[in-house]
Amino acid sequence: MATLKVPANVPSPAEDAEQLHKAFQGWGTNEGLIISILAHRNAAQRNLIRQIYAETYGEDLLKALDKELSSDFERAVLLWTLDAAERDAFLANEATKRFTSSNWVIMEIACTRSSFDLFKVRQAYHARFKKSLEEDVAYHSTGDYRKLLVPLVSAFRYEGDEVNMMLAKSEAKILHEKISDKAYNDEEIIRIISTRSKAQLNATLNHYNNAFGNAINKDLKADPNDEFLKLLRATIKCLTCPEKYFEKVLRQAINKLGTDEWALTRVVTSRAEVDMQRIKEEYHQRNSVPLERAIAGDTSGDYEKMLLALIGHGDA
């Protein structure tokens, strides 16, 4: 599934560590060299480079990068260099401290990672912040948001393809009844969304569409300005077609008056090795512009080069 192509003649992690160390020496930092190495190594290779860098130079590579780089480029390089579980733990913790769109970031991590990956995020969170992810989400969210987010981050869903059609029919009916009654925060809705496997949920939502004539997200648009309903719709989109969700996040990040680099960096660094190809196809189809052209038109310098390298375009 990874979209990053690693050349066959990749230097060893020790050579990479040495080159990175060289990039930090002298008067200026060699940003081009940093991009040419880190943006073209997969997760396992980046972990090895970090390990060898620490052993050889007695310093954490992330600390060295932090000292040498700045602004959006620094954030992209640091997030990318972290391993996936550490990155998600960092993003989730950061989200609990921000007032804007933080609920969305937590929901996104909870719903678009596999059960095992989400379990690793909870472990990494515990190790780094000496608290549990559930504890922080519960503390920093309120009301309906808390009611939805805590079960989502606590979930350990079945990952297989087995589907119970009887269950899909009965739960589609429950969802329809609750939504018809505008009981959007009902515990039955939250139970179904936060515990069922993605395959089971897809079967339930397909049945909902067939039996009641509307896609569930259309029925959840009753009040377009209701922020909880927006989050609920996004949750369903993340669980059933993540590439559509991420396309929208990227579109909104790029088309804003002033780019939302925060969101742009998060999506590119966390999806580059997962489903970036599908997100790019979705983006192109929806906007009639290739994602790389949209990013190039909206960013500049080393930050632009790093993002383009990560989505598989541009010279490193």
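Residues numbered from 1 in each chain as written. Predicted model: local features only at pLDDT ≥ 70, side-chain atom pairs only at ≥ 80, totals over all residues. Heavy atoms only, no water.

Looking at an unreviewed UniProt entry, one finds the chain named Annexin and attributed to Rubroshorea leprosula.

Asks: Would you mind going over the UniProt feature "binding site: Ca(2+) 3" (unreviewed entry) in the chain with me for this structure?
Replies: The positions that UniProt labels "binding site: Ca(2+) 3" (unreviewed entry) are, in the present scheme, Asp298. Mapped onto the elements, aspartate 298 comes out in helix α19 (residues 291-298). Taking the relative accessible area as the measure of exposure, aspartate 298 reaches 28% and is therefore partly exposed. Within the structure, aspartate 298 has its side chain in polar contact with the side chain of threonine 259 (distance 2.5 Å). (UniProt positions renumbered as here; feature names shortened; annotations may be inferred. Helix = DSSP H or I, 4+ residues; strand = E, 2+ residues; numbered from the N terminus. Buried < 20%, exposed > 50% of the residue type's maximum accessible area, 1.4 Å probe, protein only. Polar contact = N/O pair within 3.5 Å; in protein donor to acceptor, adjacent residues only side chain to side chain.)

Asks: Is there a simple way to think about the environment of threonine 265 in this case?
Replies: Structurally, threonine 265 is set in helix α17 (residues 261-271). The spatial distance from the C-alpha of threonine 265 to the C-alpha of cysteine 238 is 18 Å, given a sequence separation of 27 residues. In contact with threonine 265, other than residues within four places in its own chain, are Arg75, Ala76, Leu79 and Tyr303. (Contact = heavy atoms within 4.5 Å.)

Asks: Please clarify how the nonpolar core should be interpreted in this entry.
Replies: Most often, soluble globular proteins keep nonpolar side chains buried together rather than apart. Counting 91 residues, the largest nonpolar core has Ile34, Leu65, Met107, Leu264, Ile295 and Met306 as its most contacted members. Among the elements that line this core, the one with the most residues is helix α15 (residues 227-240), at eight residues. Among residues more than four places away in sequence, those in contact with isoleucine 295 are Ile254, Leu264, Val268, Leu307, Leu308 and Ile311. (Core = buried A, V, L, I, M, F, W, Y, C linked by side-chain atoms within 4.5 Å.)

Asks: Looking at this structure, how should I read the environment of glutamine 123?
Replies: Mapped onto the secondary structure, glutamine 123 falls in helix α8 (residues 115-129). In the structure, glutamine 123 is positioned 34 residues away from alanine 89 in sequence and 8.6 Å away in space, judged by C-alpha atoms.

Asks: I'm lost on the packing of aromatic side chains in this one. Help?
Replies: The description of two aromatic rings rests on the distance between their centres and on the angle between their planes. Per the counting criterion, the structure on display carries seven aromatic pairs. With a centroid separation of 5.4 Å and 65° between ring planes, the pair formed by tyrosine 208 and phenylalanine 212 is classed as edge-to-face. Linking tyrosine 208 with phenylalanine 212, this pair stays in helix α13 (residues 198-212), spanning four residues, or about one helical turn. Ring centres of tyrosine 245 and phenylalanine 246 lie 5.2 Å apart, and the angle between their planes is 75°; on these two criteria the pair is classed as edge-to-face. Through a chain of ring-to-ring contacts, three or more aromatic side chains come together here, namely Phe24, Tyr53 and Tyr57. (Phe/Tyr/Trp six-rings, centres within 6.5 Å; stacked < 30°, edge-to-face > 60°.)

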